Structures are given as structure tokens and as C-alpha cells.
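Structure at a glance
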Amino acid sequence: MQPATEILTPDANGIARAADLLRAGKLVAFPTETVYGLGGIATRPDAVASIYAAKGRPSFNPLIAHVADLDTARRIAHFSDMAEALAAAFWPGPMTLVLPLREGHGLAPGVTAGLETVALRIPAAPVAQRVLERVGQPVAAPSANPSGRISPTRAEHVIAGLSGRIAAVLDGGACPVGVESTIVATDPAPRILRAGGLSAEAIGAALGLDLAAGPVIEDSTPTAPGQLTSHYAPSKPVRLNATAALDGEVWLGFGPVAEGQHTLSQSRDLAEAAANLFDMLHSLDDGPHTGIAVAPIPDTGLGAAINDRLQRAAAPRPRGGTPEAG
Ligand code: AMP
Ligand code: MG
């Protein structure tokens, strides 16, 4: 059995302890600006295997490799001109690039689930940056939640889902963006594989293209991060585009609500709603209600990521009630 999960403060000692554990092949959850990541050294097959095991993640669902800087990223993958432009515009930040692997990349095969491409990101959160610098190696880090469940935006969420299954969590408070990174592939043409914390409008503007007009590609092979199947799921049913709560449901609004009611953002601010989304789903899921009724959310900007997560949270669950992917 694993020893109890250590809760680390993100000061110099905590960062050093986290880096030591990671270098020893252990798993450490840490805050990024998007959600808490479940880190394991990306070059060690044993560490990567234990990420899949701790999350109960299907082995065909590849991980994002997090790196401290662009030079490290360029040693792992080939950057086209477009990839360079996106990296210059948005790294460090909530954007993941899917790029062709370079020969001698050094990643454990489990990181890419055997693909010839790799998902790379330089996160902006200072705690994540310091961990990566101190470790000095790429760190694979999917969201630090059991596969298919609501992603964690606080250390408490990580503990609730993975306590005893990981070595430590660095408690850096709430994640400011609150939804996962936007995943972008650049070859052969630019496309968004997963809506996330950087809007399609912003990415399109940087490239001089209208990416927001195109559909988000629900890539069928071979990545399928629970795409359109149940994912990000509370244990209670979620009902979308609701106008009011039905008997037994709790209301999750968007915009002003009466005192004592819950809203993703009083001021209809989509960035604030994204930052609150998973935290509110976690806490409403723990409450006494039988279901969660959610107000309509505009589908522009970060609203695309919010609606994507809500649709998966509301998707029919596979038999047995456990969502599928990780
Ligand atoms: P997570 O780390 O849980 O946010 O999930 C990372 C997601 O990145 C996975 O679900 C994959 O769909 C996607 N991903 C990772 N590697 C690749 C890749 N090589 N090609 C396409 N998508 C990828
Ligand atoms: Mg995830």
C-alpha cells in the first residue's frame, strides 16, 4: 500500500520535495493555471504507467508532456512555422500543441500511447514552472482526478479523488483559468482538438484565420479523451440549458441570482464562469440535491470550453454509471 499522500506548501521546501519525489518516479499533483495536473516523469515508463493506474485511465488516451521552456519542447517535437508562431504567442499558457515527435525524443512510449505525435505544453502558473525547472525533465501530467470524473481546480479536489494513490499534492490554491488547456494541432492544417482555456478566437487571430467558425474537431482516432462520451462527470445527473430547477434539483445559474443560489458568474463573465465551473460542480455534487440544472451559457470565447465540459458532464453514462475515458 502507498503511504498517505503528502500535502506540500508551494514554498522552496515544498517545491524541492515535489521535485525529489518526481525524480524518484513517484506521482505528484501540482497546480497549473488550468487545473491540477497529476505529474510523473515523462521519460520513465514506470512513472507513466503509474499515472494511468492511479487515474484508472484507459491506456489509449495519451498524456500531455509539460516542459519548462521552448528549447526542451523543440528537442522533443518538430515545430512547423505555424507551431513556432503559436508557441511565441501563447506559451507559457493554457494551450497544448500536438506535434510530430522527433527521433530520440526520450519520452516513455506510454506518454503518447504509441502515437507518432506528442501533446506539449509550457504552463504559465508559477508553481508549475518552478516544479518543471527544478525537475529538469518533461513531466507528463493529465488532470489529477480519477478518470472520467470532474477535473480538480483545488488541492482538496485532488485529495478527495486520489488520496493514498499518489505520493503528494502541492497545494497552490485555486487554479485561475479553471478548465483544461486548448489542444491545437497544426499539421496538416490548424485545428482545435479540444476547446479549453484559450479561446479559438484568440488562436485564430494570432494565425490570421477564423478558427472559431469551424467546428471543434471531435477527433475520432486515436485520441478520444472521452470525446462526447461521458466525462468530467459528477455523480448526479446534469441537465443543460435549463430555465429553472425542477423538484429536487439545485440551480446553477449564469448571471445574477437570488441570495443563497449558485451562479457561475454574477456579471456573466465567461472567464469567471470557467474558473468557477469545476469547483461548483464538485461542491453541488456533494450537496443534498438529486440533480444539477444549469442555465444556458453563450458559446463564444471561453463559453465553448464551458459548454464542451458541461455536455460531457451531462452525457449518458455507460452502464454501471462510471464514465469512460480519462
Ligand atoms: P488530459 O491530460 O487529461 O487533459 O488529456 C490530454 C488529452 O490530450 C488527451 O485526452 C488526448 O485526447 C490529447 N492528446 C494527447 N496527445 C495527443 C496526440 N498525440 N494527438 C492528439 N491528441 C492528443
Ligand atoms: Mg483530464
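Above this text you will find the structure in question.
The notes below deal with the structure included here. Values in this document were obtained by computation on a predicted structure and should not be read as measured data.

1. Some details on the overall build of the chain
In terms of helices and strands, the chain carries ten helices and 14 strands. Expected size for 326 residues packed as a compact globule is a radius of gyration near 20 Å; at 19 Å, the chain falls within 12% of this value. Considering only C-alpha atoms, the chain reaches an extent of 60 × 50 × 40 Å along its principal axes. Per-residue burial over the chain gives 55% buried out of 326 residues. Sequence-distant contacts, at least 24 apart, represent 70% of the contacts inside the chain between residues at least 6 apart. Working note: accessible area of the chain is about 13200 Å², and carbon and sulfur atoms make up 55% of it. Treating the 24 positive side-chain charges of the chain as one cloud and the 31 negative ones as another, the clouds have centres 6 Å apart.

2. Concerning the environment of P234
You can see P234 is positioned in the loop between α8 (200-207) and β11 (238-239). As for P234 and D285, which are separated by 51 residues in sequence, their C-alpha atoms are 5.9 Å apart. For P234, the residues in contact, after removing those within four places along its chain, are R149, I150, D285, I292, A313 and R317.

3. A few points about the sheet that holds strand β13 (residues 262-263)
Strand order in this open sheet of four strands is β11-β14-β12-β13, and the pairing throughout is parallel. Both outer strands of the open sheet, β11 and β13, are each paired with one neighbouring strand and no more. Direction of pairing for β11 relative to strand β14 (residues 291-294): parallel, over a ladder of two bridges. Looking across to β14, one finds that V238 is bridged to I292. Together, β12 (249-253), β13 and β14 form the strand contacts of helix α9 (residues 270-286), whose direction differs from that of β12 by roughly 165°.

4. What about the sheet that holds strand β1 (residues 6-8)?
If you walk across this open sheet you meet the ten strands as β1-β8-β2-β3-β7-β4-β6-β5-β9-β10, and the pairing is mixed. Looking at strand neighbours, the two that pair on one side only are β1 and β10 (191-194), the edges of this open sheet. By the bridge criterion, four bridges tie strand β5 (residues 95-100) to strand β9 (residues 182-185) in an arrangement that is parallel. Opposite M95, over in β9, you have T182 as the bridge partner. Helix α2 (residues 45-55) contacts β3 (36-41) and β7 (139-140) of the sheet and is inclined by roughly 145° relative to β3.

5. A look at the pairing of β14
Going residue by residue along β14, you find G291 and A293 tucked away on one face and I292 and V294 tucked away on the opposite face as well. As paired elements, β12 and β14 share four bridges and run parallel to each other. Pairing of L252 across the sheet is with V294, part of β14.

6. Some points on the nonpolar core
By size, the foremost hydrophobic cluster in this structure holds 46 residues, and its most contacted members are F79, W91, L97, V111, L120 and I203. Beyond its immediate sequence surroundings of up to four residues, F79 is in contact with L70, A73, R74, E84, A87, W91, L97, L99 and L120. Counting 32 residues, the second largest nonpolar core, distinct from the first, contains Y232, F278, L284 and I297.

7. A look at the pattern of salt bridges
A full pass over the atoms with the stated rule returns eleven salt bridges. For the salt bridge of R74 with E84, the shortest nitrogen-to-oxygen distance reads 2.8 Å. Taken together, the residues span a long stretch of sequence, with R74 in helix α3 (residues 70-76) and E84 in helix α4 (residues 81-90) at a distance of ten residues. Classification of R74 as partly exposed rests on a relative accessible area of 30%. We note a salt bridge from R154 to D279, for which the minimum N-O separation is 3.1 Å. One end of the pair, R154, is in the loop between β7 and α7 (155-162); the other, D279, is in helix α9, and 125 residues separate them in sequence. A single salt-bridge network, built from bridges that share partners, covers E180, D308, R309 and R312.

8. So, unusual backbone geometry
Along the chain, W91 connects to P92 via a cis peptide bond; the corresponding omega equals -5°. Relative to the assigned elements, P92 resides in the loop between α4 and β5. Omega for the bond connecting D187 with P188 falls within 30 degrees of zero, at 0°, which places this linkage in the cis form. Summarising the element assignment, P188 is placed in the loop between β9 and β10.

What counts, and at which threshold
Residues numbered from 1 in each chain as written. Chains lettered and ligands numbered in written order. Predicted model: local features only at pLDDT ≥ 70, side-chain atom pairs only at ≥ 80, totals over all residues. Heavy atoms only, no water. Helix = DSSP H or I, 4+ residues; strand = E, 2+ residues; numbered from the N terminus. Rg over C-alpha atoms; globule rule 2.2 N^0.38 Å. Buried < 20%, exposed > 50% of the residue type's maximum accessible area, 1.4 Å probe, protein only. Contact = heavy atoms within 4.5 Å. Areas by Shrake-Rupley, 256 points an atom, 1.4 Å probe, with all protein chains shown as cover. Lys, Arg positive; Asp, Glu negative; His and termini not counted. Charge placed at Lys NZ, Arg CZ, Asp CG, Glu CD. Pairing = 2+ DSSP bridges. Axes fitted to C-alpha atoms, helices over the stretch in contact; angles between N-to-C directions. Core = buried A, V, L, I, M, F, W, Y, C linked by side-chain atoms within 4.5 Å. Salt bridge = Lys/Arg side-chain N within 4 Å of Asp/Glu carboxyl O.

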